[in-house]
Amino acid sequence: SDGDLLFYRMLHAKTSWLLDGCSVEEPAEETFDEWMASMRFETARDRVKGSGLTPLNFAIMTGRADLVEALLDGGASLTSKIKQGIPAHALAKGATALSIAVQCARDGSVIELLLRRGADSRQGIDFAGTTPVNVCSITGNTESVRAFLQHDPTLGWEMIGYMPPIAWAFCFGQSHLFAVLRDE
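Every chain is numbered independently, its residues counted from 1 as its sequence is written. Where totals are concerned, whole chains, interfaces and linings use all residues; where local detail is concerned, this predicted model gives features only for residues with pLDDT of at least 70, and gives and counts side-chain atom pairs only at 80 or more. Values shown for side chains rest on all heavy atoms present in the structure; no hydrogens or waters enter the calculation.

A. Molecular detail of the overall build of the chain. Secondary structure follows DSSP: runs of H or I at least 4 residues long count as helices, runs of E at least 2 residues long count as strands, and numbering of each begins at the N terminus. Within the chain one finds 11 helices and 0 strands. Listing every helix and strand of the chain by position from the N terminus yields α-α-α-α-α-α-α-α-α-α-α. Compactness check: the chain gives a C-alpha radius of gyration of 17 Å against a globular reference of 16 Å for 184 residues, within 12% of the reference. Its C-alpha atoms give the chain principal-axis dimensions of about 50 × 35 × 30 Å. Within these notes, the globule rule equals 2.2 Å times the number of residues to the 0.38 power, and the radius of gyration is based on C-alpha atoms.

Below, the structure written as structure tokens:
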């Protein structure tokens, strides 16, 4: 109502997150065309003025691999980066599609798709060299870590940043993920 299209898109993309655990019924999933219309995007290459955010970034935030795949098929770029940080939404300047996915992934489907389509699993996402698999290890996202390891098994044991993923899981109390990595 106040014309803040960026905030509207953030809320719309994160609807399932916002309603998670509430006793309200989630709205039915939109088709790709319905989603593009409700997000007020014309093409897969649209950008939010000034921020560098694209439809792909918002589709990743929804956690819906079908939307992500349709946008990639429509010409969305995997290599574009956010031009302006948006701290209120935990988006750093320079964030890539994969770095957004590791923040928003509930399962490994979007990450698996991005890796299959050419996202760089080893690209650092911050000044310390933290990689996407490290973030998944810190947050205990087992399915996403598995997607990374299926893509490149060496990611599980290499020193990435300054610790391997199993150490990140241990240090951040992610005992389930630690046990999975230990056993695998």
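B. Examining the packing of helix α5 (residues 65-73) against helix α7 (residues 109-116) more closely. Axes here refer to lines fitted to C-alpha atoms; in helices the fit is confined to the stretch in contact. Angles between the N-to-C directions go from 0 to 180 degrees. At their nearest, the axes of α5 and α7 sit 9 Å apart, and the two run at 20 degrees to each other. In terms of orientation, α5 lies roughly parallel with respect to α7. Of the two elements, α5 crosses α7, and the hand of that crossing is right-handed. Residue-level contacts link Ala-65, Val-68, Glu-69 and Leu-72 of α5 to Ser-109, Val-110, Leu-113, Leu-114 and Arg-116 of α7. Three classes are used: nonpolar for Ala, Val, Leu, Ile, Met, Phe, Trp, Tyr, Cys and Pro, charged for Asp, Glu, Lys and Arg, and polar for all others, with Gly counted as polar. The residue inventory of the contact of α5 with α7, partitioned by class, reads 6 nonpolar, 1 polar and 2 charged. Throughout this description, any angle smaller than 35 degrees is read as roughly parallel, any larger than 145 degrees as roughly antiparallel, any in the 65 to 115 degree range as roughly perpendicular, and the remainder as oblique. Take the far helix as the reference: if the near one is turned anticlockwise from it by less than a right angle, the crossing is left-handed, and if turned clockwise, right-handed. Throughout, a contact is declared for two residues whenever any of their heavy atoms are within 4.5 Å.

C. How the structure looks around the environment of Ala-147. For Ala-147, the location among the structural elements is in helix α9 (residues 142-151). Linking Ala-147 and Ala-95, residues 52 residues apart in sequence, is a C-alpha distance of 20 Å. Not counting chain neighbours up to four residues away, the residues in contact with Ala-147 comprise Gly-108, Ile-111, Glu-112 and Leu-115.

D. Spotlight on a nonpolar patch on the surface. A cluster of nonpolar residues, Phe-7, Leu-11, Trp-17 and Leu-18, forms a patch on the protein surface that exposes about 360 Å² of accessible area. Counting only elements with at least two residues in the nonpolar patch, the list comes to α1 (5-13) and α2 (15-19). Relative to the helices and strands, Leu-18 is located in helix α2. The patch calculation keeps residues exceeding 30% relative accessible area without a salt bridge and links them within 9 Å when they carry like charges or within 5 Å when they are nonpolar (Val, Leu, Ile, Met, Phe, Trp, Tyr). Working definition of accessibility: Shrake-Rupley area with a 1.4 Å probe, residue cover restricted to the visible protein chains. Each reported salt bridge corresponds to a side-chain nitrogen of Lys or Arg within 4 Å of a carboxyl oxygen of Asp or Glu.

E. Representation of helix α4 (residues 55-62) in the model. We call a residue buried when its accessible area falls under 20% of the maximum for its residue type, exposed when it is over 50%, and partly exposed in between, using a 1.4 Å probe and counting protein chains only. Across the 8 residues of α4, 8 count as buried, placing the element largely inside the fold. Looking at α4, one finds that the buried residues are Pro-55, Leu-56, Asn-57, Phe-58, Ala-59, Ile-60, Met-61 and Thr-62. At its buried positions, α4 is contacted by α1, α2, α3 (32-38), α5, α6 (97-104) and α7. In the stretch just after α4, Gly-63 is the one whose phi turns positive, near 80 degrees.

F. Molecular detail of the nonpolar core. Put simply, buried Ala, Val, Leu, Ile, Met, Phe, Trp, Tyr and Cys residues joined by side-chain atoms within 4.5 Å make one nonpolar core. Counting 49 residues, the largest nonpolar core has Phe-58, Ile-111 and Leu-114 as its most contacted members. Element by element, the count of residues in this core is highest for α6, at 6 residues. Apart from the residues within four sequence positions on either side, Phe-58 is in contact with Leu-6, Arg-9, Met-10, Ala-13, Trp-35, Met-39, Phe-41, Val-48 and Leu-53.

G. A look at the pattern of salt bridges. Counted by the stated rule, this structure contains 8 salt bridges. Its salt-bridge partner being Glu-112, residue Arg-116 comes within 3.0 Å of it at the nearest N-O pair. Within this pair, Arg-116 and its partner Glu-112 are both found in helix α7, separated by 4 residues, close to a single helical turn. With a relative accessible area of 31%, Glu-112 lands in the partly exposed category. Between Asp-183 and Arg-182 there is a salt bridge; the shortest N-O distance is 3.0 Å. For the pair formed by Asp-183 and Arg-182, the shared burial category is exposed. Taken together, the shared-partner salt bridges in this structure form one network comprising Glu-29, Arg-64 and Asp-66.

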